[in-house]
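# Close look at the chain arrangement
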Amino acid sequence: VGAFRNRSFATHFASYSRSLSTLVLAEHEGGSVKASSLSAVEAAKFLGEDNSVSLLLAGSGPSLQEAASHAASCHPSVSKVLLADSDKFTYPLAEAWAELVHVVQQRGSYSHIITGSGSFGKNILPRAAALLDVSPITDVIEITGSHLFVRPIYAGNALSTVRYTGSDPCMMTVRSTSFPLGAVSARSESNTAVIDKVDLSTFSEDYGVGKSKYIGLSSQDTERPDLGNARIVITGGRALKSAENFKMIEKLAEKLGAAVGATRAAVDAGFVPNELQVGQTGKIVAPELYMAFGVSGAIQHLAGMRDSKVIVAVNKDADAPIFQVWSNHTSLLSFSLSSLIQQDHQRLCEYDCSPTQDSLELQVADYGLVGDLFEIIPELLEKLPEK
Ligand code: FAD
(Lines give C-alpha, C1' and ligand atoms only; values in the text may rest on other atoms or scores of the structure.)
Protein backbone atom coordinates (compact mmCIF):
# COMPACT_ATOMS: atom_id res chain seq x y z
CA VAL A 1 0.00 0.00 0.00
CA GLY A 2 2.94 2.31 0.72
CA ALA A 3 4.21 1.88 -2.81
CA PHE A 4 0.69 2.37 -4.10
CA ARG A 5 0.33 5.72 -2.35
CA ASN A 6 3.52 7.04 -3.93
CA ARG A 7 2.36 6.51 -7.46
CA SER A 8 0.98 9.47 -9.38
CA PHE A 9 -2.73 10.15 -9.11
CA ALA A 10 -3.26 9.63 -12.82
CA THR A 11 -2.09 6.04 -12.74
CA HIS A 12 -4.57 5.32 -9.97
CA PHE A 13 -7.41 5.74 -12.41
CA ALA A 14 -6.00 3.34 -14.92
CA SER A 15 -8.64 1.92 -17.20
CA TYR A 16 -10.52 -1.25 -16.27
CA SER A 17 -10.07 -4.20 -18.53
CA ARG A 18 -12.77 -4.39 -21.13
CA SER A 19 -13.38 -8.09 -20.68
CA LEU A 20 -13.81 -9.84 -17.39
CA SER A 21 -11.56 -12.68 -16.36
CA THR A 22 -11.33 -13.90 -12.80
CA LEU A 23 -8.72 -15.94 -11.03
CA VAL A 24 -10.02 -17.74 -7.92
CA LEU A 25 -7.33 -18.75 -5.41
CA ALA A 26 -8.59 -22.12 -4.22
CA GLU A 27 -7.89 -24.14 -1.11
CA HIS A 28 -8.12 -27.91 -1.18
CA GLU A 29 -8.17 -30.67 1.41
CA GLY A 30 -8.34 -34.45 1.09
CA GLY A 31 -8.51 -34.28 -2.71
CA SER A 32 -11.44 -31.81 -2.87
CA VAL A 33 -11.76 -28.08 -3.35
CA LYS A 34 -13.03 -26.52 -0.14
CA ALA A 35 -16.58 -25.16 -0.02
CA SER A 36 -15.31 -21.64 0.79
CA SER A 37 -13.36 -21.61 -2.50
CA LEU A 38 -16.46 -22.71 -4.40
CA SER A 39 -18.32 -19.81 -2.79
CA ALA A 40 -15.66 -17.52 -4.25
CA VAL A 41 -16.52 -18.99 -7.67
CA GLU A 42 -20.19 -18.23 -6.95
CA ALA A 43 -19.21 -14.65 -6.09
CA ALA A 44 -17.38 -14.30 -9.42
CA LYS A 45 -20.71 -14.83 -11.20
CA PHE A 46 -21.90 -11.46 -9.85
CA LEU A 47 -19.03 -9.51 -11.46
CA GLY A 48 -20.76 -9.57 -14.81
CA GLU A 49 -21.63 -11.70 -17.77
CA ASP A 50 -18.98 -13.34 -19.94
CA ASN A 51 -16.63 -13.64 -17.02
CA SER A 52 -14.12 -16.37 -17.68
CA VAL A 53 -13.27 -18.01 -14.36
CA SER A 54 -10.01 -19.87 -13.71
CA LEU A 55 -9.25 -21.71 -10.50
CA LEU A 56 -5.68 -21.71 -9.16
CA LEU A 57 -4.72 -24.78 -7.13
CA ALA A 58 -1.29 -25.38 -5.63
CA GLY A 59 0.23 -28.28 -3.77
CA SER A 60 2.08 -31.47 -4.48
CA GLY A 61 1.48 -35.19 -4.74
CA PRO A 62 -1.60 -37.30 -5.45
CA SER A 63 -3.99 -35.20 -3.35
CA LEU A 64 -3.34 -32.23 -5.66
CA GLN A 65 -4.13 -34.35 -8.72
CA GLU A 66 -7.36 -35.51 -7.08
CA ALA A 67 -8.26 -31.93 -6.17
CA ALA A 68 -7.58 -30.89 -9.78
CA SER A 69 -10.05 -33.49 -11.09
CA HIS A 70 -12.59 -32.30 -8.55
CA ALA A 71 -11.94 -28.66 -9.48
CA ALA A 72 -12.45 -29.39 -13.17
CA SER A 73 -15.89 -30.85 -12.62
CA CYS A 74 -17.23 -29.17 -9.48
CA HIS A 75 -18.70 -25.93 -10.79
CA PRO A 76 -20.10 -25.03 -14.20
CA SER A 77 -18.58 -21.52 -14.08
CA VAL A 78 -14.98 -22.75 -13.97
CA SER A 79 -13.49 -22.84 -17.46
CA LYS A 80 -9.87 -23.57 -16.54
CA VAL A 81 -7.97 -25.09 -13.63
CA LEU A 82 -4.40 -23.88 -13.20
CA LEU A 83 -2.25 -26.36 -11.37
CA ALA A 84 0.95 -25.37 -9.58
CA ASP A 85 2.51 -28.70 -8.70
CA SER A 86 5.68 -28.31 -6.67
CA ASP A 87 6.97 -29.11 -3.21
CA LYS A 88 7.15 -25.32 -2.71
CA PHE A 89 3.38 -25.48 -2.22
CA THR A 90 3.07 -28.62 -0.12
CA TYR A 91 1.91 -26.34 2.70
CA PRO A 92 -0.04 -23.16 1.96
CA LEU A 93 2.59 -20.62 3.06
CA ALA A 94 1.62 -17.06 2.18
CA GLU A 95 5.02 -16.08 0.75
CA ALA A 96 5.15 -18.87 -1.83
CA TRP A 97 1.49 -18.40 -2.74
CA ALA A 98 1.87 -14.62 -3.15
CA GLU A 99 4.77 -15.11 -5.58
CA LEU A 100 2.72 -17.75 -7.41
CA VAL A 101 -0.20 -15.32 -7.82
CA HIS A 102 2.28 -12.72 -9.09
CA VAL A 103 3.63 -15.17 -11.73
CA VAL A 104 0.14 -16.30 -12.80
CA GLN A 105 -1.18 -12.72 -13.03
CA GLN A 106 1.75 -11.64 -15.19
CA ARG A 107 0.82 -14.33 -17.72
CA GLY A 108 -2.97 -14.22 -17.43
CA SER A 109 -3.67 -10.46 -16.88
CA TYR A 110 -6.86 -11.21 -14.95
CA SER A 111 -9.27 -8.37 -14.28
CA HIS A 112 -10.17 -9.82 -10.84
CA ILE A 113 -8.57 -12.08 -8.25
CA ILE A 114 -10.89 -13.52 -5.62
CA THR A 115 -10.50 -15.79 -2.64
CA GLY A 116 -12.50 -16.72 0.47
CA SER A 117 -12.26 -14.61 3.64
CA GLY A 118 -10.88 -17.47 5.74
CA SER A 119 -7.36 -17.64 7.14
CA PHE A 120 -6.05 -19.02 3.79
CA GLY A 121 -7.24 -15.99 1.82
CA LYS A 122 -6.53 -13.42 4.52
CA ASN A 123 -2.97 -14.71 4.73
CA ILE A 124 -2.22 -14.72 1.01
CA LEU A 125 -4.21 -11.93 -0.63
CA PRO A 126 -2.61 -8.86 1.02
CA ARG A 127 0.90 -10.13 0.20
CA ALA A 128 -0.05 -10.93 -3.38
CA ALA A 129 -1.73 -7.50 -3.69
CA ALA A 130 1.42 -5.77 -2.43
CA LEU A 131 3.50 -7.64 -5.04
CA LEU A 132 1.04 -6.57 -7.74
CA ASP A 133 0.90 -3.01 -6.35
CA VAL A 134 -2.87 -2.83 -5.91
CA SER A 135 -5.08 -2.21 -2.90
CA PRO A 136 -7.18 -5.25 -1.93
CA ILE A 137 -10.78 -5.12 -0.71
CA THR A 138 -11.64 -7.49 2.10
CA ASP A 139 -14.76 -9.21 3.43
CA VAL A 140 -17.00 -8.45 0.47
CA ILE A 141 -20.60 -9.49 1.18
CA GLU A 142 -22.29 -8.21 -1.97
CA ILE A 143 -21.15 -7.53 -5.52
CA THR A 144 -23.30 -5.01 -7.35
CA GLY A 145 -21.05 -4.40 -10.35
CA SER A 146 -17.65 -5.36 -11.66
CA HIS A 147 -16.04 -2.69 -9.46
CA LEU A 148 -18.75 -2.00 -6.88
CA PHE A 149 -18.81 -3.96 -3.65
CA VAL A 150 -20.49 -3.91 -0.23
CA ARG A 151 -18.52 -4.77 2.90
CA PRO A 152 -19.27 -4.48 6.62
CA ILE A 153 -17.41 -2.01 8.81
CA TYR A 154 -17.48 -1.30 12.58
CA ALA A 155 -18.05 -4.98 13.34
CA GLY A 156 -21.03 -5.10 11.00
CA ASN A 157 -22.83 -2.05 12.38
CA ALA A 158 -22.49 -0.20 9.09
CA LEU A 159 -22.15 -1.31 5.51
CA SER A 160 -19.89 0.55 3.15
CA THR A 161 -20.24 0.52 -0.61
CA VAL A 162 -16.81 0.58 -2.18
CA ARG A 163 -16.04 1.52 -5.75
CA TYR A 164 -12.69 0.16 -6.84
CA THR A 165 -10.90 2.75 -8.95
CA GLY A 166 -7.41 1.27 -9.00
CA SER A 167 -5.74 -0.61 -11.79
CA ASP A 168 -6.20 -4.30 -12.62
CA PRO A 169 -6.37 -6.74 -11.03
CA CYS A 170 -9.14 -5.87 -8.60
CA MET A 171 -8.38 -8.18 -5.68
CA MET A 172 -10.80 -9.16 -2.95
CA THR A 173 -11.73 -11.65 -0.28
CA VAL A 174 -15.40 -12.66 -0.11
CA ARG A 175 -17.39 -14.04 2.81
CA SER A 176 -18.60 -17.50 1.91
CA THR A 177 -21.75 -17.06 4.02
CA SER A 178 -22.83 -14.29 1.62
CA PHE A 179 -22.36 -16.40 -1.50
CA PRO A 180 -23.90 -19.76 -0.61
CA LEU A 181 -23.45 -22.58 -3.04
CA GLY A 182 -27.10 -23.54 -3.34
CA ALA A 183 -27.81 -26.17 -5.95
CA VAL A 184 -24.72 -26.10 -8.15
CA SER A 185 -25.29 -28.49 -10.99
CA ALA A 186 -22.57 -31.07 -11.43
CA ARG A 187 -20.84 -31.29 -14.80
CA SER A 188 -20.85 -34.33 -16.97
CA GLU A 189 -17.52 -36.11 -17.51
CA SER A 190 -17.27 -34.89 -21.09
CA ASN A 191 -17.83 -31.29 -20.02
CA THR A 192 -15.04 -30.68 -17.53
CA ALA A 193 -12.81 -27.62 -17.33
CA VAL A 194 -9.37 -27.63 -18.94
CA ILE A 195 -6.48 -28.40 -16.57
CA ASP A 196 -3.25 -26.48 -17.31
CA LYS A 197 0.05 -26.76 -15.46
CA VAL A 198 1.51 -23.45 -14.29
CA ASP A 199 4.95 -22.79 -15.76
CA LEU A 200 7.07 -22.01 -12.70
CA SER A 201 10.26 -21.08 -14.60
CA THR A 202 9.93 -17.39 -13.61
CA PHE A 203 8.99 -18.19 -10.00
CA SER A 204 11.36 -16.24 -7.74
CA GLU A 205 12.79 -18.47 -5.04
CA ASP A 206 14.07 -15.40 -3.16
CA TYR A 207 10.74 -13.81 -2.26
CA GLY A 208 9.96 -14.18 1.42
CA VAL A 209 12.60 -16.84 2.06
CA GLY A 210 12.77 -17.73 5.74
CA LYS A 211 9.93 -15.37 6.68
CA SER A 212 7.72 -18.22 7.75
CA LYS A 213 7.92 -21.97 7.92
CA TYR A 214 5.44 -24.76 8.29
CA ILE A 215 5.49 -26.36 11.73
CA GLY A 216 2.44 -28.58 11.80
CA LEU A 217 -1.30 -28.79 11.48
CA SER A 218 -3.56 -29.46 14.39
CA SER A 219 -7.21 -29.78 13.68
CA GLN A 220 -10.00 -31.43 15.53
CA ASP A 221 -10.53 -35.01 14.50
CA THR A 222 -14.28 -34.79 14.38
CA GLU A 223 -17.16 -35.89 12.24
CA ARG A 224 -19.09 -32.75 13.05
CA PRO A 225 -19.95 -30.38 10.21
CA ASP A 226 -17.55 -27.57 9.42
CA LEU A 227 -18.40 -24.51 11.55
CA GLY A 228 -18.27 -22.10 8.59
CA ASN A 229 -20.83 -24.04 6.55
CA ALA A 230 -22.99 -25.86 9.15
CA ARG A 231 -26.81 -25.66 8.98
CA ILE A 232 -27.00 -25.60 12.79
CA VAL A 233 -24.48 -24.09 15.21
CA ILE A 234 -24.60 -24.59 19.00
CA THR A 235 -22.45 -22.07 20.84
CA GLY A 236 -21.35 -21.92 24.44
CA GLY A 237 -20.02 -18.94 26.36
CA ARG A 238 -18.02 -18.22 29.50
CA ALA A 239 -21.00 -19.32 31.60
CA LEU A 240 -20.11 -22.97 30.90
CA LYS A 241 -17.28 -22.47 33.43
CA SER A 242 -15.03 -25.37 32.35
CA ALA A 243 -13.93 -27.59 29.47
CA GLU A 244 -15.68 -30.47 31.22
CA ASN A 245 -19.01 -28.62 31.31
CA PHE A 246 -18.55 -27.55 27.68
CA LYS A 247 -19.02 -31.23 26.74
CA MET A 248 -22.76 -30.60 27.30
CA ILE A 249 -22.68 -28.25 24.31
CA GLU A 250 -20.84 -30.90 22.30
CA LYS A 251 -23.42 -33.56 23.23
CA LEU A 252 -26.26 -31.28 22.19
CA ALA A 253 -24.50 -30.53 18.90
CA GLU A 254 -24.08 -34.26 18.29
CA LYS A 255 -27.79 -34.85 18.84
CA LEU A 256 -28.72 -32.11 16.40
CA GLY A 257 -26.02 -32.85 13.81
CA ALA A 258 -24.68 -29.36 14.48
CA ALA A 259 -21.29 -27.65 14.58
CA VAL A 260 -19.95 -26.33 17.89
CA GLY A 261 -19.09 -22.66 18.34
CA ALA A 262 -17.72 -20.66 21.25
CA THR A 263 -17.28 -17.10 22.38
CA ARG A 264 -13.85 -15.61 22.73
CA ALA A 265 -14.26 -15.65 26.51
CA ALA A 266 -14.81 -19.42 26.39
CA VAL A 267 -11.79 -19.86 24.11
CA ASP A 268 -9.57 -17.61 26.23
CA ALA A 269 -10.58 -19.56 29.32
CA GLY A 270 -9.31 -22.72 27.57
CA PHE A 271 -12.65 -24.56 27.37
CA VAL A 272 -12.23 -25.18 23.62
CA PRO A 273 -9.62 -24.49 20.90
CA ASN A 274 -9.75 -21.13 19.16
CA GLU A 275 -10.80 -22.60 15.80
CA LEU A 276 -14.29 -22.73 17.34
CA GLN A 277 -14.46 -19.01 18.08
CA VAL A 278 -17.31 -17.17 16.40
CA GLY A 279 -17.15 -13.42 15.98
CA GLN A 280 -15.24 -10.46 14.72
CA THR A 281 -11.89 -12.13 15.36
CA GLY A 282 -13.19 -15.66 14.86
CA LYS A 283 -15.33 -17.37 12.25
CA ILE A 284 -18.28 -15.79 10.48
CA VAL A 285 -21.29 -18.10 10.40
CA ALA A 286 -24.79 -17.81 8.97
CA PRO A 287 -26.55 -21.10 9.75
CA GLU A 288 -30.28 -21.74 9.56
CA LEU A 289 -30.32 -22.16 13.35
CA TYR A 290 -27.90 -20.58 15.85
CA MET A 291 -28.32 -21.55 19.52
CA ALA A 292 -26.33 -19.55 22.08
CA PHE A 293 -26.01 -20.79 25.67
CA GLY A 294 -24.60 -18.46 28.31
CA VAL A 295 -23.51 -15.91 25.71
CA SER A 296 -23.94 -12.25 26.66
CA GLY A 297 -24.15 -11.01 23.06
CA ALA A 298 -21.14 -8.69 22.95
CA ILE A 299 -20.92 -6.70 19.74
CA GLN A 300 -17.78 -8.58 18.67
CA HIS A 301 -19.61 -11.89 18.99
CA LEU A 302 -22.71 -10.65 17.16
CA ALA A 303 -20.45 -9.59 14.26
CA GLY A 304 -19.84 -13.27 13.54
CA MET A 305 -23.38 -14.67 13.75
CA ARG A 306 -25.88 -11.90 13.17
CA ASP A 307 -26.77 -13.21 9.70
CA SER A 308 -28.02 -16.52 11.12
CA LYS A 309 -31.60 -17.19 9.97
CA VAL A 310 -33.00 -18.07 13.43
CA ILE A 311 -31.21 -17.16 16.65
CA VAL A 312 -32.11 -18.84 19.94
CA ALA A 313 -30.52 -17.56 23.16
CA VAL A 314 -30.52 -19.03 26.65
CA ASN A 315 -29.24 -16.71 29.35
CA LYS A 316 -30.11 -16.33 33.02
CA ASP A 317 -29.94 -12.53 32.78
CA ALA A 318 -33.10 -11.11 31.19
CA ASP A 319 -31.20 -7.88 30.45
CA ALA A 320 -28.36 -9.57 28.54
CA PRO A 321 -27.59 -7.74 25.26
CA ILE A 322 -28.42 -10.87 23.27
CA PHE A 323 -32.08 -10.35 24.23
CA GLN A 324 -32.03 -6.70 23.17
CA VAL A 325 -32.40 -4.84 19.88
CA TRP A 326 -29.61 -3.91 17.51
CA SER A 327 -30.18 -0.20 18.15
CA ASN A 328 -28.22 -0.63 21.38
CA HIS A 329 -25.15 -1.13 19.28
CA THR A 330 -25.52 1.59 16.70
CA SER A 331 -23.81 4.12 18.95
CA LEU A 332 -20.61 2.96 17.33
CA LEU A 333 -21.74 4.90 14.31
CA SER A 334 -20.85 8.09 16.13
CA PHE A 335 -17.34 7.54 14.75
CA SER A 336 -16.69 10.18 12.18
CA LEU A 337 -17.69 8.58 8.93
CA SER A 338 -16.58 11.64 6.99
CA SER A 339 -13.01 11.26 8.17
CA LEU A 340 -13.15 7.63 7.12
CA ILE A 341 -14.37 8.65 3.69
CA GLN A 342 -11.55 11.20 3.35
CA GLN A 343 -8.98 8.66 4.40
CA ASP A 344 -10.26 6.08 2.01
CA HIS A 345 -10.37 8.47 -0.93
CA GLN A 346 -6.63 8.63 -0.53
CA ARG A 347 -6.66 4.89 -0.98
CA LEU A 348 -8.61 5.40 -4.17
CA CYS A 349 -11.77 3.74 -3.06
CA GLU A 350 -15.02 5.62 -2.68
CA TYR A 351 -17.17 4.74 0.30
CA ASP A 352 -20.79 5.31 1.03
CA CYS A 353 -21.48 4.37 4.64
CA SER A 354 -24.86 3.74 6.10
CA PRO A 355 -26.10 1.88 9.16
CA THR A 356 -27.42 -1.55 8.28
CA GLN A 357 -31.17 -1.33 7.82
CA ASP A 358 -32.06 -4.03 10.28
CA SER A 359 -29.64 -2.74 12.90
CA LEU A 360 -32.18 -0.10 13.82
CA GLU A 361 -35.13 -2.30 14.53
CA LEU A 362 -34.29 -5.99 14.84
CA GLN A 363 -34.04 -8.06 17.97
CA VAL A 364 -30.82 -10.08 18.19
CA ALA A 365 -32.48 -13.31 19.35
CA ASP A 366 -35.62 -14.55 17.61
CA TYR A 367 -36.33 -16.81 20.59
CA GLY A 368 -35.05 -16.07 24.08
CA LEU A 369 -35.24 -18.22 27.17
CA VAL A 370 -34.33 -16.71 30.54
CA GLY A 371 -32.97 -19.55 32.60
CA ASP A 372 -30.00 -21.50 33.86
CA LEU A 373 -28.21 -23.43 31.12
CA PHE A 374 -27.19 -26.09 33.65
CA GLU A 375 -30.88 -26.97 33.94
CA ILE A 376 -31.97 -26.29 30.38
CA ILE A 377 -29.29 -28.21 28.45
CA PRO A 378 -29.77 -31.49 30.41
CA GLU A 379 -33.52 -31.16 29.86
CA LEU A 380 -33.00 -30.62 26.13
CA LEU A 381 -30.63 -33.59 25.98
CA GLU A 382 -33.21 -35.75 27.67
CA LYS A 383 -36.16 -34.63 25.57
CA LEU A 384 -34.57 -34.45 22.14
CA PRO A 385 -34.80 -37.71 20.22
CA GLU A 386 -31.60 -39.50 19.20
CA LYS A 387 -30.27 -38.44 15.79
P1 FAD B 1 -19.73 -12.97 29.15
O2 FAD B 1 -19.79 -11.64 28.49
O3 FAD B 1 -19.05 -13.08 30.45
O4 FAD B 1 -21.23 -13.49 29.24
C5 FAD B 1 -21.61 -14.65 29.90
C6 FAD B 1 -23.13 -14.66 29.86
O7 FAD B 1 -23.58 -15.87 30.44
C8 FAD B 1 -23.76 -13.53 30.70
O9 FAD B 1 -24.68 -12.85 29.88
C10 FAD B 1 -24.46 -14.25 31.86
O11 FAD B 1 -25.69 -13.64 32.20
C12 FAD B 1 -24.70 -15.61 31.24
N13 FAD B 1 -24.76 -16.68 32.25
C14 FAD B 1 -23.95 -16.87 33.32
N15 FAD B 1 -24.27 -18.01 33.97
C16 FAD B 1 -25.30 -18.57 33.27
C17 FAD B 1 -26.05 -19.75 33.43
N18 FAD B 1 -25.80 -20.61 34.39
N19 FAD B 1 -27.05 -20.00 32.53
C20 FAD B 1 -27.34 -19.14 31.53
N21 FAD B 1 -26.64 -18.00 31.34
C22 FAD B 1 -25.62 -17.72 32.19
N23 FAD B 1 -15.90 -12.27 21.48
C24 FAD B 1 -16.36 -13.27 20.70
O25 FAD B 1 -17.21 -14.06 21.12
N26 FAD B 1 -15.87 -13.42 19.42
C27 FAD B 1 -14.96 -12.59 18.89
O28 FAD B 1 -14.54 -12.79 17.76
C29 FAD B 1 -14.46 -11.52 19.69
N30 FAD B 1 -13.56 -10.65 19.21
C31 FAD B 1 -13.17 -9.61 19.98
C32 FAD B 1 -12.31 -8.65 19.44
C33 FAD B 1 -11.93 -7.57 20.21
C34 FAD B 1 -11.01 -6.56 19.61
C35 FAD B 1 -12.40 -7.45 21.51
C36 FAD B 1 -11.99 -6.27 22.34
C37 FAD B 1 -13.24 -8.38 22.07
C38 FAD B 1 -13.63 -9.47 21.31
N39 FAD B 1 -14.50 -10.44 21.82
C40 FAD B 1 -14.96 -11.41 21.01
C41 FAD B 1 -14.86 -10.47 23.25
C42 FAD B 1 -16.22 -9.90 23.53
O43 FAD B 1 -16.12 -8.50 23.75
C44 FAD B 1 -16.82 -10.52 24.82
O45 FAD B 1 -15.93 -10.35 25.87
C46 FAD B 1 -17.14 -12.01 24.68
O47 FAD B 1 -17.88 -12.26 23.53
C48 FAD B 1 -17.95 -12.43 25.92
O49 FAD B 1 -18.12 -13.80 25.88
P50 FAD B 1 -19.32 -14.48 26.72
O51 FAD B 1 -20.60 -13.98 26.21
O52 FAD B 1 -19.04 -15.94 26.70
O53 FAD B 1 -19.01 -14.01 28.21
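See above for the structure.
Reading the values: the criteria
- Residues numbered from 1 in each chain as written.
- Predicted model: local features only at pLDDT ≥ 70, side-chain atom pairs only at ≥ 80, totals over all residues.
- Heavy atoms only, no water.
- Patch = residues over 30% accessible without salt bridge, like charges linked within 9 Å, V, L, I, M, F, W, Y side chains within 5 Å.
- Areas by Shrake-Rupley, 256 points an atom, 1.4 Å probe, with all protein chains shown as cover.
- Salt bridge = Lys/Arg side-chain N within 4 Å of Asp/Glu carboxyl O.
- Helix = DSSP H or I, 4+ residues; strand = E, 2+ residues; numbered from the N terminus.
- Near = heavy atom within 4 Å.
- Polar contact = N/O pair within 3.5 Å; in protein donor to acceptor, adjacent residues only side chain to side chain.
- Nonpolar A, V, L, I, M, F, W, Y, C, P; charged D, E, K, R; others polar.
- Buried < 20%, exposed > 50% of the residue type's maximum accessible area, 1.4 Å probe, protein only.
- Contact = heavy atoms within 4.5 Å.
- Core = buried A, V, L, I, M, F, W, Y, C linked by side-chain atoms within 4.5 Å.
- Axes fitted to C-alpha atoms, helices over the stretch in contact; angles between N-to-C directions.
- Parallel < 35°, antiparallel > 145°, perpendicular 65-115°, else oblique.
- Left-handed = near helix turned anticlockwise from the far one by under 90°.
- Pairing = 2+ DSSP bridges.

## Here's the deal with a nonpolar patch on the surface
- Residues Tyr91, Tyr214 and Leu217 make up a contiguous nonpolar surface patch of roughly 320 Å² in combined accessible area.
- For Tyr91, the position within the fold is in the loop between strand 5 (78–85) and helix 5 (94–108).

## A word on the site of the ligand
- Around the ligand, the structure places 25 residues, and the nearest of them are Arg238, Thr263, Thr281, Gln300 and Asn315.
- Here an oxygen atom of the ligand sits 3.2 Å away from a polar atom, N or O, in the main chain of Gly294.
- A distance of 2.7 Å is found between an oxygen atom of the ligand and a side-chain nitrogen or oxygen belonging to Gln300.
- Expressed as a share of its isolated accessible area of 990 Å², the protein-covered part of the ligand is 76%.
- If you list the elements that add at least two residues to the shell around the ligand, you get helix 8 (264–268), helix 9 (299–305) and helix 11 (373–383).
- Across the shell around the ligand, the residue classes tally to seven nonpolar, 13 polar and five charged.

## Side note on the environment of Val150
- You can see Val150 is positioned in strand 9 (residues 148–153).
- Residue class for Val150 comes out buried when judged on its relative accessible area of 8%.
- Distance in space between the C-alpha atoms of Val150 and Val140 is 5.8 Å, their sequence separation being 10 residues.
- When sequence neighbours within four positions are dropped, the list of residues in contact with Val150 reads Asp139, Val140, Ile141, Glu142, Leu159, Ser160 and Thr161.

## Section: the pattern of salt bridges
- Counted under the stated rule, the structure contains 11 salt bridges.
- Glu205 is the partner of Lys88 in a salt bridge, and the nearest nitrogen-oxygen pair spans 3.2 Å. Within this pair, whereas Lys88 is found in the loop between strand 5 and helix 5, its partner Glu205 is found in the loop between strand 12 (194–197) and strand 13 (232–236), the two being separated by 117 residues in sequence.
- A relative accessible area of 49% means that Glu205 is categorised as partly exposed.

## Comments concerning the nonpolar core
- With 62 residues, the main nonpolar core has Leu25, Leu56, Leu57, Leu100 and Met172 as its most contacted residues.
- Among the elements that make up this core, the one with the highest residue count is helix 5 (eight residues).
- Ile234, Ile249, Leu252 and Val267 belong to the second largest nonpolar core, which has 24 residues in total.

## Examining the packing of helix 7 (residues 243–256) against helix 11
- Closest axis-to-axis distance for the helix 7/helix 11 pair is 10 Å, and the angle between their directions is 30°. As summarised for this structure, helix 7 and helix 11 are arranged roughly parallel, according to the angle between their axes. Once helix 7 is placed against helix 11, the crossing between them reads as left-handed. Counting all contacts with helix 7, which are made through Asn245, Met248, Ile249, Lys251, Leu252 and Lys255, the residues of helix 11 involved are Leu373, Phe374, Ile377, Pro378, Leu380 and Leu381.

## Some details on the pairing of strand 8 (residues 142–145)
- When strand 8 meets strand 9, the two strands line up antiparallel, connected through three bridges. When the sheet's bridge partners are listed, Glu142 is paired in strand 9 with Val150.
- The loop that links strand 8 with its antiparallel partner strand 9 comprises two residues.

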